[in-house]
Amino acid sequence: MPLLESLKVLHAVRTDRQVVVPTMGAAREWMTLGIHPLDLVYAPSAMGQAPLLGLGIAIAQPDRQVIVMNGDGCMLMNLGCLVTITAAAPRNFVLIVCDNAVYEVTGQQLTAAAEPARPGALPVDYCQIARGSGFREVHEFDRLEAWKSAVGGVVAARGPTFVVLKVEPVTGGAVPKSPAPAPQRAIDFAKALQST
Amino acid sequence: MITGPEIVTELKRMGITHVVWLPDSTLGQWEQALSSTNGLRLIRVCREGEAWAIAMGLHLGGARPLVMIQCTGLFESGDSLRNAIFDYGVPLFAVIGYRSSLNLSATDSARTFTEPNLKSWGLDYRIVDAPVKLPELAAYYNSCQASRRPGVVLIGEGKM
């Protein structure tokens, strides 16, 4: 499904108390929908660390749901974080992996998990990895209508929750740019987080 | 040798709420004390780079986190600490086990590269290599927090 359309589905149900931490292609597209004070657009990023950033927020703010939107390349860079997350058992945490099977922002090179990059090998199943890492809720959607029908329940469920969205690469999708100086955004985000 | 109860007393004095850690054999002896203290939560990571991102999230959420890892984990942490401290300006603080620093006859590249690594990042640090120096931890942490600067305390350790 198209990445932006899949993000619009989440955007439509997102509440004013929820934190959203998007990174890579998801960050770039999410910003086109407008920026909420509780969005922490993770650009610039340390690739692979977005779920941990979100975990820290979720632990510090247990009454507030935190939704992280990660890329599949980012996920592969730090699969161990899935175990770190479930060890902390954050019921207010949702990790969405936008899986397009390529490193989109560098020119759509295949990830090691992409089927064409694995001739003769068995496929990689992110959901199985998440289940094996101890996630309570695990979902995968490859059709927009199915994602639309399920998103409310998926986000409302007790976490930690893991979701794979099978999305298409965005042609020419560039590296997301910080929408404002990052240190000031961090300060503004912390104020919004701690005052609302 | 600094004991678990001693380090916990110091961390409580500093107002630390969360310790994000991956232990070595010295720091690891503090696990019981760190994990059983009211008001202090121990968060275990799988790789040290994760600790900085979690600590950043905790800080933004209003907590007072501390990263606790070995110097080898500092080497692993590069991109994550770069992003949190230098891209976002989050003044994180870390206690880092300084492997082999108390045994100068040891051939250990972990010791060789620890201080140059911190200097290359421009990270200020203090060395606590005896229990009597432990109060320097809180003093240094407080000065870093007051000036919104990151900081590191290296804990002296014997030969690996």
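Our structure is the block above this text.
Residues numbered from 1 in each chain as written. Chains lettered and ligands numbered in written order. Predicted model: local features only at pLDDT ≥ 70, side-chain atom pairs only at ≥ 80, totals over all residues. Heavy atoms only, no water.

Draft legend 1. Structural view of the interface of chain A and chain B. Across the contact, 32 residues belong to chain A and 25 residues belong to chain B. Summed over both sides, the interface between chain A and chain B buries roughly 2,000 Å², with carbon and sulfur atoms accounting for 63% of that surface. Contact with chain B buries area across many residues of chain A, yet Gln49, Ile59 and Thr84 of chain A alone supply 22% of it, more than any other trio. The interface formed by chain A and chain B holds zero salt bridges in total. Between the two partners, chain A and chain B, sit 11 residue pairs in polar contact (both at pLDDT 80 or more). Looking at the side of chain A that touches chain B, the elements with two or more residues in it are α3 (50-60), α5 (81-88) and α8 (182-195) of chain A. When its residues are assigned to classes, the side of chain A that touches chain B shows 23 nonpolar, eight polar and one charged. (Contact = heavy atoms within 4.5 Å. Buried area = accessible area lost by both parts, 1.4 Å probe. Salt bridge = Lys/Arg side-chain N within 4 Å of Asp/Glu carboxyl O. Polar contact = N/O pair within 3.5 Å; in protein donor to acceptor, adjacent residues only side chain to side chain. Helix = DSSP H or I, 4+ residues; strand = E, 2+ residues; numbered from the N terminus. Nonpolar A, V, L, I, M, F, W, Y, C, P; charged D, E, K, R; others polar.)

Draft legend 2. Representation of the sheet that holds strand β4 (residues 93-98) of chain B within the structure. Residue and element names in this part refer to chain B. Strand order in the open sheet formed by six strands is β2-β1-β3-β4-β6-β5, with parallel pairing between adjacent strands. Edge positions in the open sheet fall to β2 (41-44) and β5 (125-128), since each of these has one partner strand only. Strand-to-strand twist of the sheet, defined as the mean angle between neighbouring strand axes without regard to direction, takes the value 20 degrees. When strand β3 (residues 65-70) meets β4, the two strands line up parallel, connected through four bridges. The residue of β4 that forms the bridge with Ile69 is Ile96. (Pairing = 2+ DSSP bridges. Axes fitted to C-alpha atoms, helices over the stretch in contact; angles between N-to-C directions.)

Draft legend 3. View of the pattern of salt bridges. Residue and element names in this part refer to chain A. Counted by the stated rule, this structure contains 15 salt bridges over all chains. Of the charged contacts, one joins Arg28 and Glu104 as a salt bridge, the two residues approaching to 2.6 Å between their closest N and O atoms. Pair noted here: Arg28 is in helix α2 (residues 24-31) and Glu104 is in the loop between β4 (102-103) and β5 (109-110), with a separation of 76 residues, a long-range link. Here Arg28 falls in the buried class, since its relative accessible area comes to 14%. Three or more residues joined by partner-sharing salt bridges are found here, namely Arg28, Glu29 and Glu104. (Buried < 20%, exposed > 50% of the residue type's maximum accessible area, 1.4 Å probe, protein only.)

Draft legend 4. How the structure looks around the sheet that holds strand β1 (residues 19-22) of chain A. Residues and elements named next belong to chain A. Strand order in the open sheet made by the five strands is β1-β2-β3-β7-β6, with parallel pairing throughout. This sheet does not close on itself; its edge strands, each paired only once, are β1 and β6 (137-141). Strand-to-strand twist in this sheet, taken as the mean axis angle between neighbours without regard to direction, amounts to 15 degrees.

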